[in-house]
Amino acid sequence: MTFGPAVGNVGMYVAREMLVSVPEGQRQAYLRMVEEISDLKYQLGVEVARQLPRLLAEHDPGRVERYLHQVRAVAAAGWKSGVEVAKQLPDLYDAPDETLAEAYVAIITEATDSPPEDTETAQLAGELDALERELREMEPKVKRAQELRTQLAARDRRDEKRRKHAVELAAALPPILARLRPRYRPPYLVQVRLVAAADPEASLEAADTLLDLLNGERVTPEGAAEWVDRGLEVLARNKEVGRGYFRLGSKYSLQVLEELKEGLALKAVARVLKLYATALSGHEVAIRGTNEAADADAYGADHIVLPPEMRFFEDDAGNFTAYKVAAAHGAGRIEFGTYAFSLGDIPETVARLERRYPGGAA
Amino acid sequence: MAVESQRVEDYRLAKEPYYLPLHNEVELFEAAYRARLPVMLKGPTGCGKTRFVEHMSWRLQRTLVTVACHEDLTASDLVGKYTLRGDETVWQDGPLTTAVKAGGIAYLDEIVEARKDTTVVIHPLTDDRRILPLEKKGELVEAPDDFLLVISYNPGYQSVLKDLKHSTKQRFVAIEFDYPPPDLEEEILKSESGVDDDTAGKLVKIAEKVRNLRTHGLEEGVSTRLLVYAGQLIQGGVEPIAACESTICKPITDDLEMQRSIVEIIATQF
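Predicted, not measured: the structure shown is a model, and the values here were computed from it. Residue positions are given per chain, counting from 1 as you read along its sequence in written order. Chain labels run from A onward and ligand labels from 1 onward, assigned in the order the entries are written. Where local features are concerned, this predicted model is filtered to residues with pLDDT of at least 70; where side-chain atom pairs are given and counted, the filter is 80 or more; whole-chain, interface and lining totals use all residues.

**Here's the deal with the overall build of chain A**
In this text, helices come from DSSP runs of H or I with a minimum length of four residues, and strands from runs of E with a minimum of two, each type numbered from the N-terminal end. What chain A contains, in helices and strands, is 15 helices and 4 strands. A residue pair is marked as a contact if its C-beta atoms, positioned from the backbone, fall within 7 Å. Put simply, of all contacts in chain A between residues at least 6 apart along the chain, 59% involve residues at least 24 apart.

Below is the structure:
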């Protein structure tokens with residue numbers, strides 16, 4: 001069965017059995033009426049679609065029109081009341097007293113209608129609107145205040161940590177200075193001060209590392225300044241990474257140090273050279289740097305005097321070999337009591353070396 | 001009651017152990033054996049003390065019972081103890097009792113490592129009584145004329161806590177060992193490892209230099225035994241510097257700088 005173009009969406013409210021129960025000649029009118037009342041509210045359409053077949057079956061157009069009018073009137077006051085009235089009205093039409101339906105509709109309509117506008121309610125609503133508007137305007141300020149509170153608390157914690165690390169630095173510096181060679185103390189203090197101004201915690205790391213670097217002669221004071229300078233750049237970008245740099249705990253820090261290192265420090269290999277020369281000569285040998293041999297007899301029975309840094313080669317291995325050759329030379333003097341030596345005295349060794357290093361200047 | 005004793009013939013050497021006499025130690029040992037005097041061998045690790053005893057055992061045609069002493073070794077471990085075998089209690093002779101009964105050589109290696117009660121046990125064996133008391137058994141075992149007690153002792157290891165008492169030391173004829181002179185050590189290396197003259201000479205040269213580091217951080221110098229190991233590795237195809245690092249350098253020290261200096265000494269030869 002099809003309803004034709006006039007039906008529209010009314011099929012959503014009208015079940016097949018409802019339509020069948022409507023006399024055939026009234027079906028188009030039925031569907032139109034349901035559609036019109038549905039425009040007010042979907043639920044009204046559903047209820048009217050249920051009740052109309054019963055009224056249409058009575059073939060009393062006046063009653064149908066009255067029904068729709070009264071349902072519309074109640075629904076205008078409140079659609080939920082309209083739905084209930086649409087459901088109850090057909091039974092009331094069957095009552096012996098025809099005024100019952102009229103009175104019923106009047107009572108429900110009045111009960112549903114809002115009371116006349118009351119000024120106190122309007123005032124309250126207006127005040128509430130104003131407050132809500134103000135609260136909406138305040139919301140960003142409240143949020144900002146919370147942000148500021150968080151930021152200030154973080155700064156407090158940071159300052160507290162800073163003061164704590166400053167105290168630790170105060171305790172650590174004097175013993176470090178006592179261990180530091182006197183000539184390195186002024187440049188050392190300059191560098192530690194720079195780091196301490198930027199971050200006291202990093203300066204604790206820097207204080208220890210610079211002590212080792214300078215005392216161990218792994219860098220010159222100028223090299224130490226360059227190392228600190230590069231570290232401060234790292235520290236400015238990220239505190240934690242910067243602290244790692246000054247602890248020599250980062251690859252970059254070691255890389256910078258490697259760039260700045262000038263040759264191989266005697267300090268770093270003195271014991272190996274001492275053992276080497278002792279083994280070769282059979283005498284207990286002392287290794288001294290030229291910088292510390294002023295008071296010692298450079299040609300004393302058991303001294304080998306070597307430069308504090310070896311820079312003949314670019315790599316440590318080459319510089320160590322240079323040290324080793326010098327130490328072996330010294331060990332020879334200690335063992336045999338003289339530097340007097342000629343390659344002619346060791347023809348077999350010379351021949352062997354010539355075979356091993358063809359083209360060399362043996 | 002049953003008595004179990006180890007098979008003495010198991011301790012007889014079938015083949016002559018290689019030994020190159022360094023001084024008069026063979027004659028001294030033979031004289032002590034003939035005079036029934038106990039012998040103490042003193043010397044650093046790996047200088048040939050044990051090999052010398054083995055050689056003398058073969059030379060004198062006597063069984064050799066060797067006991068490697070350690071800090072848990074008790075007098076009972078040496079002389080013997082009762083053990084349970086099923087329902088029966090059996091006396092089990094210890095290695096020292098076995099050697100005494102058999103009349104061979106009993107060799108207590110590194111005697112100071114053993115517990116103090118062991119040195120008390122050997123005292124009656126080392127004087128003119130030449131008896132071994134088995135206290136738990138209530139028995140005295142008399143050593144036959146051809147029994148000889150030999151102990152070894154490394155003076156370099158000893159401390160105040162671990163040293164032989166004079167009452168023990170003064171019961172022995174002492175034969176002192178040290179690393180062999182270079183020419184003899186070369187001979188030993190060639191014989192034991194099969195290396196050629198040149199390699200043997202270099203290994204001995206390295207040892208001579210490394211031994212200069214005794215008292216400078218090394219407790220003991222490189223032993224002849226380690227040189228033999230180096231030679232055997234080289235003969236087995238290992239590159240000489242690597243062979244020397246594994247045998248001469250790393251076993252004798254954990255000090256990294258000491259190791260590096262020894263490697264440099266090795267590099268002067270190879």
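That covers the picture; the talk isn't over yet.
**A closer look at the interface of chain A and chain B**
With 10 residues of chain A in contact, the opposing surface of chain B contributes 12 residues. Under this grouping Gly is polar, as are all residues other than the nonpolar Ala, Val, Leu, Ile, Met, Phe, Trp, Tyr, Cys and Pro and the charged Asp, Glu, Lys and Arg. Classifying every residue of the side of chain A that touches chain B gives 5 nonpolar, 2 polar and 3 charged.

**Some remarks on the nonpolar core**
A set of buried residues qualifies as a nonpolar core if it consists of Ala, Val, Leu, Ile, Met, Phe, Trp, Tyr and Cys joined through C-beta atoms within 7 Å. Residue burial is a threshold on neighbouring C-beta atoms within 10 Å of the residue's own C-beta, all placed from the backbone, with 20 or more meaning buried, 12 or fewer meaning exposed, and counts in between meaning partly exposed. In terms of nonpolar packing, the biggest core is built from 48 residues, with A:Leu273, A:Tyr276, B:Val210, B:Ala230 and B:Ile248 touching the most fellow members. No other element matches helix H13 (residues 266-281) of chain A, which puts 10 residues into this core. Contacts of B:Ile248, omitting those with residues within four sequence positions, involve B:Ile206, B:Val210, B:Val222, B:Leu226, B:Ala230, B:Ile262 and B:Ile266. Ranked by size, the runner-up nonpolar core spans 41 residues in total, among them B:Leu41, B:Ile122, B:Leu134 and B:Ile175.

**So, the confidence of the model for chain B**
Residues and elements named next belong to chain B. A residue's pLDDT is the confidence the predictor assigns to it, expressed on a 0 to 100 scale. This prediction gives chain B a mean pLDDT of 87; 94% of its residues lie at or above 70. Highest mean pLDDT in chain B belongs to helix H9 (residues 224-235) (95); lowest belongs to strand E1 (residues 2-4) (56). Scored as a complex, the prediction yields pTM 0.57 and ipTM 0.76.

**A look at the sheet that holds strand E10 (residues 173-176) of chain B**
All names here are of chain B. By the convention used here, strands pair only if DSSP detects at least 2 bridges between them. Pairing is parallel in the open sheet, where 5 strands are placed in the order E3-E6-E9-E2-E10. This sheet does not close on itself; its edge strands, each paired only once, are strand E3 (64-68) and E10. Neighbour-to-neighbour, the strand axes of this sheet turn through a mean angle of 20 degrees, independent of strand direction. Of the pairings in the sheet, the one linking strand E2 (residues 39-42) to E10 comprises 4 bridges and is parallel in character. Looking at E10, one finds that leucine 41 is bridged to isoleucine 175. Packed onto the sheet, helix H1 (residues 25-34) meets E2, strand E9 (148-153) and E10 and runs at close to 165 degrees relative to E10. With axes taken as lines fitted to C-alpha atoms, and helix axes fitted only over the stretch in contact, angles between N-to-C directions fall between 0 and 180 degrees.

**A look at the environment of A:Pro221**
Residue and element names in this part refer to chain A. Along the chain, the position of proline 221 falls in helix H10 (residues 221-237). Overall, the presence of 17 C-beta atoms within 10 Å leaves proline 221 in the partly exposed class. For the pair proline 221 and arginine 183, spaced 38 residues apart in sequence, the C-alpha to C-alpha distance is 9.7 Å.

**Some thoughts on the environment of A:Ala207**
Residues and elements named next belong to chain A. The residue alanine 207 is located in helix H9 (residues 200-215) in this model. Since 23 C-beta atoms lie within 10 Å of it, alanine 207 is described here as buried. As a C-alpha pair, alanine 207 and phenylalanine 246 span 39 residues in sequence and 8.6 Å in three-dimensional space. Not counting chain neighbours up to four residues away, the residues in contact with alanine 207 comprise Leu169, Ala172, Leu173, Ile176 and Val192.

**A short note on unusual backbone geometry**
The phi torsion of most residues other than glycine is negative, and most of the peptide bonds are trans. One non-glycine residue, A:His59, adopts positive backbone phi at about 55 degrees. Mapped onto the elements, A:His59 comes out in the loop between helix H3 (42-57) and helix H4 (61-77). Exposure remark for A:His59: the 10 C-beta atoms within 10 Å place this residue in the exposed category. Even without being glycine, B:Thr215 reaches a positive phi, approximately 75 degrees. Mapped onto the elements, B:Thr215 comes out in the loop between helix H8 (197-211) and H9. A count of 10 C-beta atoms within 10 Å places B:Thr215 in the exposed class.

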